[in-house]
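Chain and residue survey
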Amino acid sequence: MWGERRDDEAFKRLVDQTWPQLVRTARLLTGDDAAAEDLAQNALVKTYEHWGSLRAPEAASAYARTTLVRDCVRWRTRNRREERRAPDALPERLGADPYDSTGDALRVRRALRTLPDEQRAALVLRYLLDLSEEETAATLGVARGTVKSRCSRAISTLRAQGLLDDEPTAFERSTA
Amino acid sequence: MTEEQLRRLLDGAAGEAPMADPDDVLRIGRAKVKRRRLTAAATAVVLIAGGATAIALPGSKGPATHGPIRLAGALTSYTDCAHLLADLQQRSAADVGPYGFNTGGGFVHGGLAPTAAPLAGPAYGAQKQLRAAGDAPVAAPAASAPAGAATGGVATTTTSGASGAS
């Protein structure tokens, strides 16, 4: 039977290794903690379903990541209208205690929500998961140059919102 | 560095991930794979059953006489598209009557009734004309007798052309 052929132990190891990053990525992409866990689990379940067709065990984590990002974008598209209609449940924390990490986290999440989905995804993959430009491009299914421009625009937006210093990034300096 | 600052900010905003139970995820994955396999099997059964039903349709000129399920025997070779279309039209025409597939049927209490039986009562249009002319009301056979008894199982609400059913 197929089920027995799957390497269940390897899959459990994959869950152990990738779960934290998947949940954290989904949190930043969706802005919703509960949905993030659901989406991460769903990405791993889909990976399990296609375990046999993955060329190598290393491809499994990339598959899960790609699935997660696509599902997050779909989730955002579905929920965007409701989000616009509903009042923001989170309290405004701008100007809060600068040492308050919760306030910082809320500010960053709020700022990320103002970014277009594709820019947010590029930024999160590139700077939270530390993927290379090539890996980010492969995950998003776009060209490397597109990743660069999306990240650049996202950084400019965050800087305009006062989240980042005015000093340009190394990437910005290289493309200037 | 701004990039370091960005990494720090994103890292803080992402927070800590709760612990996952790999067995839970594995169980859900297994259930989903099993469900998918069952769905595929059910679809295959339905397709095969559908093929067998199509073969067994009365009046079809297909290989119904070849026995129960013989999908391979149901295959027919055609020389070109025109040949295929002509044959399809011919076979379809044999199975379709004025009331749909397999000569259709009228609604009576208890479901569909065969239309092959001859009609006993007057058609609805004729009853209406009689009523309009002031004659004694003609009771619908279905109202005075058990369904299908007087009309041969055909609903009396069919408008016209019922006798044309073959």
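Residue positions are given per chain, counted from 1 along the sequence in the order it is written. The order in which chains are written sets their letters, starting at A; the order in which ligands are written sets their numbers, starting at 1. Local features in this predicted model are restricted to residues of pLDDT 70 or higher, and side-chain atom pairs are both shown and tallied only at a pLDDT of 80 or more, whereas totals for entire chains, interfaces and linings draw on every residue. As a rule here, side-chain values cover all heavy atoms of the structure and leave hydrogens and water aside.

Here's the deal with the packing of helix 6 (residues 117-127) of chain A against helix 7 (residues 133-140) of chain A
Residue and element names in this part refer to chain A. The condition that has to hold: Note on geometry: axes are C-alpha line fits, over the in-contact stretch for helices, and angles between N-to-C directions span 0 to 180 degrees. The numbering of helices and of strands both runs from the N terminus, where a helix is a DSSP run of H or I of at least 4 residues and a strand a run of E of at least 2. Throughout this description, any angle smaller than 35 degrees is read as roughly parallel, any larger than 145 degrees as roughly antiparallel, any in the 65 to 115 degree range as roughly perpendicular, and the remainder as oblique. Left-handed describes a crossing in which the near helix is turned anticlockwise from the far one by less than a right angle; the clockwise case is right-handed. For this analysis, residues touch if any pair of their heavy atoms sits within 4.5 Å.
The N-to-C vectors of helix 6 and helix 7 enclose an angle of 140°; their axes lie 9 Å apart at closest approach. On the basis of their axis angle, the class for helix 6 and helix 7 is oblique. The crossing of helix 6 and helix 7 is right-handed. Across from Ala-121, Ala-122, Leu-125 and Arg-126 in helix 6, the residues of helix 7 making contact are Glu-133, Thr-136, Thr-139 and Leu-140.

Some words on the environment of Val73(A)
Looking at the element boundaries, Val73(A) is found in helix 4 (residues 57-85). For the pair formed by Val73(A) and Thr30(A), sequence separation is 43 residues and the distance between their alpha carbons is 7.9 Å.

A look at the interface of chain A and chain B
Selection rule: Simply put, the buried area is the total loss of 1.4 Å probe accessible area from both parts when two parts are fitted together. What counts as a salt bridge is simple: a side-chain nitrogen of Lys or Arg found within 4 Å of a carboxyl oxygen of Asp or Glu. We call two N or O atoms a polar contact when they sit within 3.5 Å, provided that within protein one can donate a hydrogen and the other can accept it, with sequence-adjacent residues counted only if both atoms are side-chain atoms. Ten residue types, Ala, Val, Leu, Ile, Met, Phe, Trp, Tyr, Cys and Pro, are classed as nonpolar, four, Asp, Glu, Lys and Arg, as charged, and the remainder, Gly among them, as polar.
Taken together, the 44 residues of chain A in the interface contact 29 residues of chain B. With both chains or domains summed, chain A and chain B bury close to 3,300 Å², and 63% of this area falls on carbon and sulfur atoms. Put simply, chain A and chain B have six salt bridges between them. Across the pair Arg24(A) and Asp11(B) runs a salt bridge whose closest N-O atoms are separated by 2.6 Å. Counting the contacts that link chain A with chain B gives eleven residue pairs in polar contact (both at pLDDT 80 or more). If you list the elements that add at least two residues to the side of chain A that touches chain B, you get helix 1 (2-5), helix 2 (8-30), helix 3 (33-49), helix 5 (101-113), helix 6, helix 8 (144-160) and helix 9 (170-175) of chain A. Here the side of chain A that touches chain B takes eleven residues from helix 2 of chain A, the largest share from any one element. Considering only residue class, the side of chain A that touches chain B consists of 25 nonpolar, five polar and 14 charged.

Quick word on the confidence of the model for chain B
Regions with low pLDDT carry predicted coordinates that are not meant to be interpreted in detail. Residues and elements named next belong to chain B. Quick note on the threshold: Note: pLDDT gives the predictor's confidence per residue, expressed from 0 to 100.
The pLDDT averaged across chain B works out to 66; a share of 45% of its residues lies at or above 70. When mean pLDDT is taken per element in chain B, helix 1 (residues 2-14) scores highest with 86 and helix 5 (residues 141-144) scores lowest with 45. Confidence drops under pLDDT 50 across residues 136-166; counting only partners more than four residues distant or on other chains, this segment forms 41 contacts. Taken over the whole predicted complex, pTM reads 0.56, whereas the ipTM for its chain interfaces reads 0.76.

Brief notes about the packing of aromatic side chains
Residues and elements named next belong to chain A. As a reminder of what qualifies: Aromatic pairs are defined between Phe, Tyr and Trp rings, using the six-membered ring for Trp, whenever the two ring centres lie within 6.5 Å; interplanar angles under 30 degrees are classed as stacked, those over 60 as edge-to-face, and all others as tilted. Buried, partly exposed and exposed residues are distinguished by accessible area as a fraction of the type maximum, computed with a 1.4 Å probe on protein chains only: under 20%, between the cut-offs, and over 50%, respectively. Placement of a positive charge over a ring is assigned whenever Lys NZ or Arg CZ falls within 6 Å of the ring centre and within 35 degrees of the normal to the ring plane.
Here the structure, examined in full by the defined rule, presents two aromatic pairs over all chains. Taking the centre distance of 5.7 Å and the plane angle of 85° together, the rings of Phe-11 and Trp-51 count as edge-to-face. Separated by 40 residues along the polypeptide, Phe-11 in helix 2 and Trp-51 in the loop between helix 3 and helix 4 bring together distant segments of the chain. For Trp-51, a relative accessible area of 15% puts it in the buried group. Seen from the ring of Tyr-127, Arg-126 lies directly overhead, with NZ or CZ sitting 5.7 Å from the centre.

Digging into the nonpolar core
One broad rule of soluble globular proteins: the nonpolar side chains tend to lie buried together. Note the threshold: For this analysis, a nonpolar core means a set of buried residues of the types Ala, Val, Leu, Ile, Met, Phe, Trp, Tyr and Cys, connected via side-chain atoms within 4.5 Å.
Phe11(A), Leu44(A), Leu123(A) and Leu10(B) are the most contacted members of the largest nonpolar core, which has 57 residues in total. For this core, the element with the most residues is helix 2 of chain A, which contributes ten residues. Not counting chain neighbours up to four residues away, the residues in contact with Leu10(B) comprise Leu28(A), Val108(A), Leu112(A), Leu123(A), Val124(A), Tyr127(A) and Leu128(A).

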